Amino acid sequence: MVRHTRRAVLGSLAAVGLAGCAGRLGGDGDAERTTETSERTLSTVPETLSVMNDVGPVSVTGEERSDIQIELTRRGDPTRIERLNFSVQRDGSSVSLVGETDDEGLIQNDAGLLLAITVRLPTSVAVERVETVVGDVTVTGVGGSPTVESTTSELTVRSVDGFVSAQTTTGDVTIRDVGGVDSVAATGGNLALDVPSLRSDSSVAATAGDVELAVAPELDATVSADTDTGDVTVTELPLTVTEETVGAEASGTLGGDDYRLEVETNAGAIELRSLSG
């Protein structure tokens with residue numbers, strides 16, 4: 001996958017085996033599963049951190065603390081679970097936490113095989129990127145301006161002072177209580193986000209899904225919104241709605257015109273409302 005190519009640039013580091021308490025999970029007719037949990041602590045705190053996981057969900061939370069705590073949960077066929085690997089990769093003042101398997105066919109052939117990564121870190125650490133292939137991403141209360149991505153899962157970002165970028169192929173995207181938004185896209189999923197400020201031209205786009213934006217009325221932007229098959233609703237914002245034979249659009253300028261905010265969906269409704277309303 002593309003991510004493995006990108007990780008190779010960081011260098012080849014040994015995977016860290018996960019030890020923990022193993023338990024048996026049963027089910028009606030299901031294959032036997034093993035669950036292993038473990039924790040790691042990074043006492044030397046980096047300036048920036050990224051988390052990339054090919055094989056499960058990721059949760060990253062900022063807290064008032066002086067170290068980084070990592071909780072790892074591996075689940076799967078006991079004959080295959082050792083193929084799930086986790087590593088800490090350091091590059092100067094940056095750290096990448098990487099979850100992966102040395103045989104991607106295992107994920108395709110065994111839906112119960114996963115590695116879940118939960119990270120608690122100081123708010124002084126700038127989170128740069130959080131990615132998964134299969135697994136939800138949750139980012140809460142962290143420092144920095146994170147880019148959040150997933151191939152087949154939901155993305156949730158809350159209480160981040162920086163600017164957020166998010167992209168998923170299949171899954172909803174929720175972004176609330178953030179400093180600003182750069183760009184957000186979903187091929188199949190709904191988008192719900194706050195847009196308090198911009199620092200460049202930005203786009204919010206869904207291929208098949210509804211889009212709901214709470215926009216600061218003083219936003220320094222010219223706004224355009226367009227849906228091919230759906231309605232556009234505007235509440236307490238100075239935007240003009242134009243209904244078409246199929247679909248609708250809205251446009252107007254808010255607090256200024258330094259930037260452009262483009263909102264679109266091919267199949268879905270668009271709701272634009274005042275963030276202060």
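Residues numbered from 1 in each chain as written. Predicted model: local features only at pLDDT ≥ 70, side-chain atom pairs only at ≥ 80, totals over all residues. Heavy atoms only, no water.

### Looking at the overall build of the chain
Step number 1: Within the chain one finds 2 helices and 22 strands.
Step number 2: Long-range pairs, those at least 24 residues apart, make up 55% of the contacts in the chain with a sequence separation of at least 6. (Helix = DSSP H or I, 4+ residues; strand = E, 2+ residues; numbered from the N terminus. Contact = heavy atoms within 4.5 Å.)

### Overview of the pairing of strand β14 (residues 191-195)
Where a strand is regular, its side chains alternate between the two sheet faces.
Step number 1: Burial runs high along β14: 5 of the 5 residues are buried.
Step number 2: Burial of β14 is two-sided: the residues L191, L193 and V195 facing one way and the residues A192 and D194 facing the other way are all buried.
Step number 3: Here β14 runs beside strand β16 (residues 211-215); their pairing, made up of 5 bridges, is parallel. From the neighbouring strand, L191 faces β16, where its bridge partner is V211. (Buried < 20%, exposed > 50% of the residue type's maximum accessible area, 1.4 Å probe, protein only. Pairing = 2+ DSSP bridges.)

### Considerations on the environment of T170
Step number 1: Inspection of the secondary structure puts T170 in strand β12 (residues 155-170).
Step number 2: When the C-alpha atoms of T170 and T187 are compared, they prove to be 6.1 Å apart, with 17 residues separating the residues in sequence.

### Quick word on the side chain of T147
Step number 1: Position of T147 relative to the elements: it lies in strand β11 (residues 147-150).
Step number 2: Using a relative accessible area of 19% as the deciding quantity, one classes T147 as buried.
Step number 3: Sequence-distant contacts of T147, defined by excluding residues within four places in its chain, comprise E128, R129, V130 and S165.

### So, unusual backbone geometry
Step number 1: At S159, a residue that is not glycine, the phi angle is positive and equals roughly 55 degrees.
Step number 2: Turning to its location among the elements, S159 is positioned in strand β12.
Step number 3: According to the relative accessible area criterion, S159 is partly exposed, its value standing at 35%.

### Observations regarding the nonpolar core
Step number 1: Counting 61 residues, the largest nonpolar core has L97, L213 and L261 as its most contacted members.
Step number 2: Among the elements that take part in this core, strand β13 (residues 173-188) stands out by supplying 6 residues, more than any other. (Core = buried A, V, L, I, M, F, W, Y, C linked by side-chain atoms within 4.5 Å.)

### Describing the environment of T44
Step number 1: Note that T44 resides in the loop between β2 (33-42) and β3 (48-53).
Step number 2: Using a relative accessible area of 54% as the deciding quantity, one classes T44 as exposed.
Step number 3: Separated by 23 residues in sequence, T44 and D67 have C-alpha atoms that sit 6.9 Å apart.

### Here we look at the pattern of salt bridges
Step number 1: Evaluation of the coordinates by the stated rule reveals 12 salt bridges.
Step number 2: R129 is the partner of E131 in a salt bridge, and the nearest nitrogen-oxygen pair spans 3.2 Å.
Step number 3: Taking relative accessible area as the criterion, E131 reaches 1% and is therefore assigned buried.
Step number 4: Taking the shortest distance from any N to any O, the salt bridge between D194 and R176 comes out at 2.7 Å. Of this pair, D194 sits in strand β14 while R176 is found in strand β13, placing the two residues 18 residues apart along the sequence.
Step number 5: Counted as one network, the salt bridges with shared partners bring together E63, R65, D67 and R120. (Salt bridge = Lys/Arg side-chain N within 4 Å of Asp/Glu carboxyl O.)

### Some words on a negative patch on the surface
Step number 1: A surface patch of like charges, here negative, comprises D228, E244, E249 and E264.
Step number 2: Residue placement: E264 occurs in strand β21 (residues 256-267). (Patch = residues over 30% accessible without salt bridge, like charges linked within 9 Å, V, L, I, M, F, W, Y side chains within 5 Å. Areas by Shrake-Rupley, 256 points an atom, 1.4 Å probe, with all protein chains shown as cover. Lys, Arg positive; Asp, Glu negative; His and termini not counted. Charge placed at Lys NZ, Arg CZ, Asp CG, Glu CD.)

### Some thoughts on the confidence of the model for the chain
Step number 1: When the pLDDT values of the chain are averaged, the result is 87; 85% of them are 70 or greater.
Step number 2: Across residues 1-29, where pLDDT falls below 50, the model places 61 contacts with residues more than four positions away in sequence or in other chains. (pLDDT = per-residue confidence, 0-100.)

### Things to note about the pairing of strand β8 (residues 114-122)
Step number 1: Pairing of strand β4 (residues 58-63) with β8, which is carried by 6 bridges, proceeds in the parallel orientation. Directly across from T61, in β8, lies its bridge partner R120.
Step number 2: The sheet contact formed by strand β5 (residues 68-76) and β8 spans 7 bridges and is antiparallel. Bridge pairing in β8 places T73 opposite A116.

### A short note on the environment of T169
Step number 1: Take T169: it is sitting in strand β12.
Step number 2: The class of T169 is partly exposed, set by a relative accessible area of 38%.
Step number 3: Put simply, T169 and T151 are 18 residues apart on the chain and 5.0 Å apart in space, counted from C-alpha to C-alpha.
Step number 4: Each residue touching T169, except ones within four places of it in the same chain, is listed here: S150, T151, T187 and G188.

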